[in-house]
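Below, each chain spelled out in residue letters.
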Amino acid sequence: MSQAKKIRLIVPIIFIMFLVAYARHKHEDRHSNIVGRLPTRDMNEISGIATSGINEDLYYVHNDSGDTSRFFAIYPSGELRSTVYFNGDPKEKRYGVHDCEDIAVGPGPVQGKSYVYLGDIGDNYAVRKYLTVYRMEEQKEWVNESTYHTTAVPIHLKYPDGPKDAETLMVDPIEKLIYIVSKRHDTVGVYTTPLIFRPDDTVTLTKRCKVFFPGIKPFKWITAGDISKDGQQVLIKSYNKVYYWKRDHDEPIWKTVQKPWKLLPYEEEKQGEGIGFTPDGKGYYTCSEGVYTPIYYYRLP
């Protein structure tokens, strides 16, 4: 075979090898934010993620509709440390909960203690008579590999302007408020209620404002949010974007989110419904529904 023919044969092969290598590099680069993976089929519809207030590197995740009254304690790698069961609503006879959509960690009635807030706030058809947020005192032993049962203190919530779907629950440690952000429509509502409440009470949320997010439905629908541990940063995410605000001193969060936002890095997930700050507020994790789905980490720019 002549030298010229050899070159004509080798060049396409080299080009194909280059394309394969480039594609592999792009694939790896595209997923460079993956730091872990949900480890069991029990975690098949994860809808929220929040960092522990007392156990370093521990995060809480939970499923939405169709699961029982429980949540999971994991490391960012996805390693399951414990499953925590709690007393749900007796009226929800099948599972104890209706549709848990987000989770947050923050202060509560006893100074110096940390609490988990789990929001049973999903309402796809906007027909629920009330929503429920469950408050549970964090326990150090939840970092150990085991199954636990804890007592949840519920508060039942009503909207002042009628039922609606929501997937975003946040806790403001500065003003001591629970925040709920509605999911659908061109503008979403921002609602609050005090962190300190009487057990099993039913209260009406306070509507603070409306916020418009651009985009096409349903991709623009709001699916998760978080306030940093020090109360100075806010994340709200839709199915395809992550919005960020820096709080101006101690202004109300509902005023903060009416100001211009910054878009942060985000790899669009299959059905991304969970976002949570790291304890130091320098980064955030996201996760989505699905079996064995990845956990993503992003450092704040």
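In this report, the structure presented in the accompanying data block is examined.

About the thresholds
- Residues numbered from 1 in each chain as written.
- Predicted model: local features only at pLDDT ≥ 70, side-chain atom pairs only at ≥ 80, totals over all residues.
- Heavy atoms only, no water.
- 1 Å grid on protein atoms, 1.4 Å probe; cavity = no way out; pocket = protein on both sides within 12 Å on 5 of 7 lines; lining within 4 Å.
- Points joined across faces, edges and corners; volume = space filled by probe spheres on them.
- Helix = DSSP H or I, 4+ residues; strand = E, 2+ residues; numbered from the N terminus.
- Buried < 20%, exposed > 50% of the residue type's maximum accessible area, 1.4 Å probe, protein only.
- Contact = heavy atoms within 4.5 Å.

Regarding empty space enclosed by the protein
Here the structure, examined in full by the defined rule, presents one cavity of 30 Å³ or more. Taken together, H62, N63, D64, D67, T68, R70, V97, C100 and L118 make up the lining of the largest cavity.

Looking at the environment of S82
Summarising the element assignment, S82 is placed in strand β5 (residues 80-86). Here S82 falls in the buried class, since its relative accessible area comes to 1%. C-alpha of S82 to C-alpha of E145: the two residues are 63 residues apart in sequence and 5.1 Å apart in space. Here S82 is in contact with F71, F72, A73, W142, N144, S146 and Y148, once residues within four sequence places are set aside.

Describing the layout of surface pockets
Within this model, the largest pocket holds a volume of roughly 250 Å³. Surrounding the largest pocket, 18 residues form its lining, T51, G53, V105, G106 and K229 being those nearest its centre. Only β2 (46-51), β6 (102-106) and β16 (222-227) provide two or more residues apiece to the lining of the largest pocket. Considering each element in turn, the lining of the largest pocket owes the most residues, three residues, to β6.

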